[in-house]
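Okay, here's what each chain looks like letter by letter:
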Amino acid sequence: MPRHGVSPGQGRPRSGGEQASDRSFGAPCLRLLWLGLALALALPNSLVLWSPAEAHPLPAQGHPAKFIRIAPQLQEAFGWWNLTCPTCKGLFTAIDFGLRNQASVAWVGSVAIKLCMLLKIAPPAVCQSAVHLFEDDMVEVWTRSVLSPSEACGLLLGSSCGHWDIFSSWNISLPAVPKPPPQPPKPPAPGSPVSRVLFLTDLHWDHDYLEGTDPNCENPLCCRRDSGPPPASQPGAGYWGEYSKCDLPLRTLESLLSGLGPAGPFDMVYWTGDIPAHNVWQQSRQDQLRALTTVTALVKKFLGPVLVYPAVGNQSSHWLYEAMAEAWEPWLPAEALRTLRIGGFYALSPRPGLRLISLNMNFCSRENFWLLINSTDPAGQLQWLVGELQAAEDRGDKVHIIGHIPPGHCLKSWSWNYYRIVERYENTLAGQFFGHTHVDEFEVFYDEETLSRPLSVAFLAPSATTYIGLNPGYRVYQIDGNYSGSSHVVLDHETYILNLTEANEPGATPHWHLLYRARETYGLPNALPTAWHDLVYRMWRDTQLFQTFWFLYHKGHPPSEPCGTPCRLATLCAQLSARSDSPALCRHLVPDASLPSVQSLWSRPLLC
């Protein structure tokens, strides 16, 4: 879940907004909170102008499997409402009047809480905490943004209700240096050194996790002290975790890190957030700092001298960057710490011939409401990335990129600019590593001219957390090793899990085990982009192969509902879609006549 507090384009707390530096930002279903604040400014308490409607079953970024499975739970946790276009425009016309004539943020918040509860947007406690946490900042973002009623309703309801260009197209500048001819990497010679890189993502430690509590409570996050007991006929949360909308107790993360031995030894570690639990409506600065320091200390304890290279997760604020720089100082050089403090991103050289770039993907997030003020290359990060890649090309170095949110899940202009950068520096870029989705997948990049030549792949590793309904897991990458002339490309990867069903049995102890090896399981000749491209088309033709992918996609705990043809199409299409809102990437997967239906899968808004 997002936790944002940086003014885009600045990379530091916005001027005049000291209250923003006291917390990180985000909330379940930010669009609904936007609507709640709009209602608070525009409507009397008793006026309700719309009726309940079903939630869209698929998210915008092509992860139908996950969201089909959790939609009923989210529908119970949140109310979903159908706002008509004329009413929407009337509401947003009244917003500016409300802001001009009712300056009291406290009044806005109090009305928003009432509306949140009246409309059943969330349980009362969540309504109160979320509004109090975000009311100052949402009002400030609104007053500093330039949304007209038509733009606002186009954002909320789609292009049929209005046109919005708050996230309008923009382009970064590429150097005038001609692009070298494409040179796909060659597999290393037999016997060449191989590096093992541990990849950790989405740890989501819940300080208040409590065994035996209700795993299906009314709140967006359960298995907690405030979740209450389960119904008499239902079991409570397990000791090591639960297959529900729950995060992890610290003992499970400690078990993961202490049990890494069979998967090692490791040459280095990539760690791409998130650290705190998903109860974002309750988290204070103290909670965020406790999560950061506690989990960082745990990683240091069990990984010892192995260097760890982190990326910022769904957390973004100046004070948090400072805290991260302090916590991660033993791992990062001075220049990396300097840019981390400024904008949450950095670059360094972990070994000769390899440059590592850690991106702050909050600057591309669809849920980062600060981007409503200015979404054009926030903090200049992409232009900085171009400079780093050009310098690496000039030196003859290879580059790994790590980040939290995958590029195919980003705002369109950010995603398309990133895609263009990847194509330009395809010879230099040896690996891309992301998390965030909690499931096991990938995104293939193609040449922009034909969208048919695979040139890079972003690996999306599964989460440590169980959220939602998954086994805990982690990833190990085998990478062309540390020697002169190394390609530094991914050679294979392994995924390890903890089977919660077995671990939670009375008297059992947790056993982390290898779930699968990619090349062996999928019959890949190598782990280069073309092999992953070919795998998608093989899975489209071979239902059994897709079912294997579906099982592993969910870390060995798939949903009980079968994945039919539309689900399979959307899932496979997502693997081809490293560029957001680009259905043409799937044109070879399905007949042209089917492209509108594919696009409709992508255009539906995220549940949360």
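Each residue is numbered by its place in its chain's sequence as written, counting from 1. Reporting in this predicted model follows two pLDDT cut-offs: at least 70 for local features of residues, and 80 or more for side-chain atom pairs to be given and counted; totals over whole chains, interfaces and linings ignore these cut-offs and use all residues. Water and hydrogen atoms play no part in the side-chain values, which are based on all heavy atoms of the structure.

Engineer: Can you walk me through the side chain of H493 in this structure?
Structural biologist: Where helices and strands are cited, they refer to DSSP runs of H or I of at least four residues and of E of at least two residues respectively, numbered from the N terminus. With respect to the helices and strands, the residue H493 is situated in strand β13 (residues 490-498). A residue is classified by how much of its surface remains accessible, and H493, at 3% relative accessible area, is buried. Engagement of the side chain of H493 in a polar contact is seen with the side chain of R475, the distance being 3.4 Å. Residues are treated as being in contact if the distance between any of their heavy atoms lies within 4.5 Å. Excluding its chain neighbours within four sequence positions, the residues that come into contact with H493 are F459, R475, V476, Y477, Y516, R517, A518 and W532. To sort residues, take the accessible area from a 1.4 Å probe on protein chains only and compare it with the maximum for the residue type: under 20% means buried, over 50% means exposed, and anything in between is partly exposed. Nitrogen and oxygen atoms within 3.5 Å of one another constitute a polar contact, given that in protein one can donate a hydrogen and the other can accept it, and given that sequence-neighbouring residues count only through two side-chain atoms.

Engineer: Looking at this model, I keep getting lost on unusual backbone geometry. Mind explaining?
Structural biologist: As a rule of thumb, non-glycine residues mostly have phi less than zero, and peptide bonds are mostly trans rather than cis. Cis geometry is found at the peptide bond from G264 to P265, where omega equals -5°. Among the secondary structure elements, P265 is positioned in the loop between α7 (250-258) and β4 (268-271). Residue D274 is bonded to the preceding G273 through a cis peptide linkage, with omega at -25°. In this fold, D274 is placed in the loop between β4 and α8 (285-303). Despite not being glycine, L451 has its phi angle at roughly 50°, a positive value. At D581, a position not held by glycine, the phi torsion is positive, near 55°. Its location among the elements puts D581 in the loop between α17 (565-575) and α18 (595-603). On the basis of relative accessible area, D581 is assigned to the partly exposed category, the value being 31%.

Engineer: Where do I start with the state of the cysteines in this structure?
Structural biologist: Put plainly, two cysteines are in a disulfide when a covalent bond ties their sulfur atoms together. Throughout, disulfides are identified as pairs of cysteine sulfur atoms within 2.5 Å of each other. Summed over all chains, the structure comprises six disulfides. A disulfide bridge connects C223 with C246, and the sulfur atoms are separated by 2.0 Å. On the sign convention where negative means left-handed, the S-S torsion of about 60° between C223 and C246 marks this disulfide as right-handed. One end of the pair, C223, is in the loop between β3 (194-200) and α7; the other, C246, is in the loop between β3 and α7, and 23 residues separate them in sequence. In this structure, C223 and C246 share a single accessibility class: buried. Here C573 engages in a disulfide with C586; their sulfurs sit 1.8 Å apart. Across the disulfide from C573 to C586, rotation about the S-S bond amounts to roughly 105°, and the bridge is consequently right-handed. Of this pair, C573 sits in helix α17 while C586 sits in the loop between α17 and α18; the two residues are 13 residues apart in sequence, bridging distant segments of the chain. The exposure class of C586 is buried, given its relative accessible area of 0%.

Engineer: Would you mind going over the packing of helix α11 (residues 381-395) against helix α12 (residues 412-424) with me for this structure?
Structural biologist: Relative orientation and spacing of two packed helices are given, respectively, by the angle between their axes and the distance between those axes. Axis geometry follows a simple rule: fit a line to the C-alpha atoms, using only the stretch in contact for helices, then measure angles between N-to-C directions, giving values from 0 to 180 degrees. Packing of α11 against α12 leaves a shortest axis separation of 11 Å and a crossing angle of 5°. Judged by the angle between their axes, α11 and α12 are roughly parallel. Facing α11, whose interface residues are Q381, L382, L385, V386, L389, Q390 and E393, α12 presents W414, N417, Y418, I421 and R424. When grouped by side-chain class, the residues that make up the contact of α11 with α12 number seven nonpolar, three polar and two charged. Relative orientations are named as follows: roughly parallel for angles under 35 degrees, roughly antiparallel for angles over 145 degrees, roughly perpendicular for angles from 65 to 115 degrees, and oblique for any other angle. Nonpolar residues are Ala, Val, Leu, Ile, Met, Phe, Trp, Tyr, Cys and Pro. Charged residues are Asp, Glu, Lys and Arg, and all others, Gly as well, are polar.

Engineer: What exactly am I supposed to notice about the sheet that holds strand β11 (residues 454-460) here?
Structural biologist: The strands making up a sheet associate through hydrogen bonds between their backbones, and the pairing can be parallel or antiparallel. Any two strands with at least two DSSP-identified bridges between them are counted as paired. Strand order in the open sheet formed by six strands is β6-β7-β8-β9-β11-β10, with mixed pairing between adjacent strands. Edge strands, defined here as strands with exactly one partner in the open sheet, are β6 (346-351) and β10 (441-446). Between one strand axis and the next, the sheet turns by 25° as a mean value, whatever way the strands run. Judged from the four bridges that link them, strand β8 (residues 398-402) and strand β9 (residues 429-434) form a sheet pairing that is parallel. In the strand pairing of β9, V399 is matched with L429. Against the sheet, α12 makes contact with β8, β9, β10 and β11, and its axis sits at roughly 70° relative to β10, the strand it touches most.

Engineer: How do you make sense of the nonpolar core when you look at a structure like this?
Structural biologist: In this text, buried Ala, Val, Leu, Ile, Met, Phe, Trp, Tyr and Cys residues form a nonpolar core when linked through side-chain atoms within 4.5 Å. In terms of nonpolar packing, the biggest core is built from 126 residues, with Y270, W271, L332, W414, Y418, Y474 and W532 touching the most fellow members. Here this core takes seven residues from helix α9 (residues 318-327), the largest share from any one element. Discounting chain neighbours no more than four positions away, the residues touching W414 are W170, L359, M361, F363, C364, P378, Q381 and L382. With 18 residues, the next largest nonpolar core counts C116, C127, L133 and F134 among its residues.

Engineer: Sorry if this is basic, but what is going on with the UniProt feature "binding site: Zn(2+) 1" (unreviewed entry) in the protein here?
Structural biologist: UniProt positions are given in the numbering used here, feature names are shortened, and annotations may be inferred rather than shown by experiment. Taking the UniProt record as the reference, the feature "binding site: Zn(2+) 1" (unreviewed entry) is found at D202, H204, D274 and H438. Spanning 237 residues, the named residues form one tight spatial group whose C-alpha atoms are at most 10.7 Å apart. When its relative accessible area of 1% is taken as the criterion, D274 is described as buried. Within the fold, H438 resides in the loop between β9 and β10.

Engineer: Is there a simple way to think about the side chain of Q478 in this case?
Structural biologist: In this fold, Q478 is placed in strand β12 (residues 473-480). Looking at Q478, its side chain comes within polar contact range of the side chain of E494, at 2.8 Å. With residues near it in sequence (within four places) discarded, Q478 still touches V194, S195, R196, V489, V490, L491, D492 and E494.

Engineer: What am I meant to see in the pattern of salt bridges here?
Structural biologist: Close approach of charged atoms lets side chains of opposite charge pair. Think of a salt bridge as a Lys or Arg side-chain nitrogen and an Asp or Glu carboxyl oxygen that are within 4 Å of each other. Within the structure shown, the criterion is met by 18 salt bridges. Among the ionic pairs, R355 bridges to E388, the shortest N-O distance being 3.2 Å. With R355 in strand β7 (residues 354-358) and E388 in helix α11, this pair connects stretches of sequence that are 33 residues apart. No difference in accessibility class separates R355 from E388, as the two residues are buried. Between R517 and E494 there is a salt bridge; the shortest N-O distance is 3.4 Å. Here E494 lies in strand β13 and R517 lies in strand β14 (residues 512-517), a separation of 23 residues in the sequence. Looking at R517, the relative accessible area reads 33%, which means it is partly exposed. The class for E494 is buried, based on a relative accessible area of 3%. A cluster of three or more residues bridged by salt bridges with shared partners is formed by D206, D208, R224, R225 and D226.

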